[in-house]
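# What the coordinates show
The lines below spell out each chain.
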Amino acid sequence: MNTITIKEITAEQANEYKTFFNQALTNDENNFRLSPNDDRDALFPTHGLDDSFTLGIYVNDILAGVGSFEREGATREKLRHKGLLFRMYVSSEYRGKGLAKKLISEIIHRAIKLGNIEQINLTVIANNMKAIKLYEQFGFRTFSSEERAIKWKGQYFTENQMALKLPVSKAKSQYNPSLIATPWIIT
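Residues numbered from 1 in each chain as written. Predicted model: local features only at pLDDT ≥ 70, side-chain atom pairs only at ≥ 80, totals over all residues. Heavy atoms only, no water.

### With respect to the overall build of the protein chain
Threshold: Working definition: helices are DSSP H or I runs of at least four residues, strands are E runs of at least two. Numbering for both runs from the N terminus. Relative accessibility thresholds used throughout: buried, under 20% of the residue-type maximum; exposed, over 50%; partly exposed, between the two (1.4 Å probe, protein chains only). Contact criterion: two residues are considered in contact whenever any of their non-hydrogen atoms come within 4.5 Å of each other. Computed with the Shrake-Rupley method and a 1.4 Å probe, the accessible areas treat only the protein chains shown as cover for residues.
Tallying secondary structure elements over the protein chain gives four helices and seven strands in all. Put simply, the protein chain runs from its N terminus to its C terminus through helices and strands in the order β-α-α-β-β-β-α-β-α-β-β. Counting across all 187 residues of the protein chain, residues that qualify as buried make up 43%. Contacts spanning at least 24 positions in sequence make up 64% of the contacts within the protein chain whose residues lie at least 6 apart. With the model as given, the accessible surface of the protein chain reaches about 10,700 Å², and the carbon-plus-sulfur share is 48%.

### A look at the side chain of N160
If you trace the backbone, N160 turns up in strand β7 (residues 155-165). Those residues in contact with N160 that sit more than four places away from it in its chain are L122, T123, V124, A126, I132, T142, S144 and S145.

### What to know about the pairing of β7
Put simply, the rule reads: Strands qualify as paired when DSSP identifies two bridges or more between them.
With seven bridges joining them, strand β5 (residues 119-125) and β7 adopt antiparallel strand pairing. For N121, the partnering residue across the bridge sits in β7 and is A163. As paired elements, strand β6 (residues 141-152) and β7 share eight bridges and run antiparallel to each other. Across the sheet, W152 pairs through a bridge with Q155, a residue of β7. The loop that links β6 with its antiparallel partner β7 comprises two residues; one of these, K153, has a positive phi angle of about 55°.

### Digging into the confidence of the model for the protein chain
What counts, and what does not: Confidence of the predictor at the level of single residues is captured by pLDDT, which takes values from 0 to 100.
Chain-level pLDDT for the protein chain is 90 on average; 90% of the residues reach the 70-or-more range. Note on residues 170-174: pLDDT under 50 across the span, and one contact to partners over four residues away in sequence or across chains. Confidence drops under pLDDT 50 across residues 177-187; counting only partners more than four residues distant or on other chains, this segment forms 24 contacts.

### Regarding the packing of aromatic side chains
To keep it simple, the criterion reads: The aromatic pairing rule takes the rings of Phe, Tyr and Trp, using the six-membered ring of Trp, and pairs them if the centres are within 6.5 Å, calling planes under 30 degrees apart stacked, those over 60 edge-to-face and the rest tilted. Throughout this description, the term charge over a ring refers to an Arg CZ or Lys NZ atom that lies within 6 Å of the ring centre and within 35 degrees of the ring normal.
Tallied over the entire structure, the rule returns seven aromatic pairs. Three or more aromatic residues link up through ring pairs in this structure, and these residues are Y17, F20, F21, F32, F44 and Y89. Taking NZ or CZ as reference, K7 lies 4.6 Å from the ring centre of Y58, over its face. Stacked on the ring of Y156, the Lys or Arg R148 has its end atom at 4.0 Å from the ring centre.

### Points about the nonpolar core
Note the cut-off: Nonpolar cores are built from buried Ala, Val, Leu, Ile, Met, Phe, Trp, Tyr and Cys residues. Side-chain atoms within 4.5 Å join them into one set.
Judged by nonpolar contacts, the single largest core of 31 residues is most densely connected at I108, I120, Y135 and F140. Those elements that provide at least two residues to this core are β2 (52-59), β3 (62-71), β4 (82-90), α3 (99-114), β5, α4 (129-137) and β7. Ranked by residues supplied to this core, first place goes to α3 with seven residues. Dropping the residues within four chain positions of it, F140 is found in contact with L85, I108, I120, L122, Y135, M162, A163 and L164. Y58, L63, V66 and Y89 belong to the second-largest nonpolar core, a separate cluster that totals 12 residues.

### Description of α4
What counts here: What the arc describes is the spread of directions from the helix axis to the C-beta atoms.
Turning to α4, its buried residues number three or more, namely A131, I132, L134 and Y135. Angular distribution of buried residues about the axis of α4 spans 160°; they occupy a single face of the element. Buried residues in α4 make contact with β4, α3, β5 and β7. One or two residues past the end of α4 sits G139, with phi positive at roughly 105°.

Now the structure itself:
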């Protein structure tokens, strides 16, 4: 039986994270707006705060997937109601087992617990239909598409922007809690 855990990855674990995420940028290069060279000298993507965190999902203590969240308006009052889900990746050997769903669920759950995040945005390559369908299961909807947003190795890629509108105050019951109820998670 596999043990699945989700826990926060911090800047102190940057080497493990960078090694893992570099696999994503190398093995699934057409699904990211970054190249391995773009990420080589980049800082750890989040700040270890309630509204800026990176989670890893582990199978038997082996890192199988990652996802990050950050408040979009960290330095701008008018944007503090929004967050960004980014750098979402599950390695190929662990796909199809529901790990991405568990990871996204936990990220949304943590964003809701902040109490003042009303919308979570993300970007996804338009031909990554598996990812789009997964995001749609959580209620994300495409609100914009940019053709030729990315050019990599002579090929253009369209990028979709998606948003999940979270319930505001009294409307919390509108969001389906079964999507975020994950009692097996160890954080």
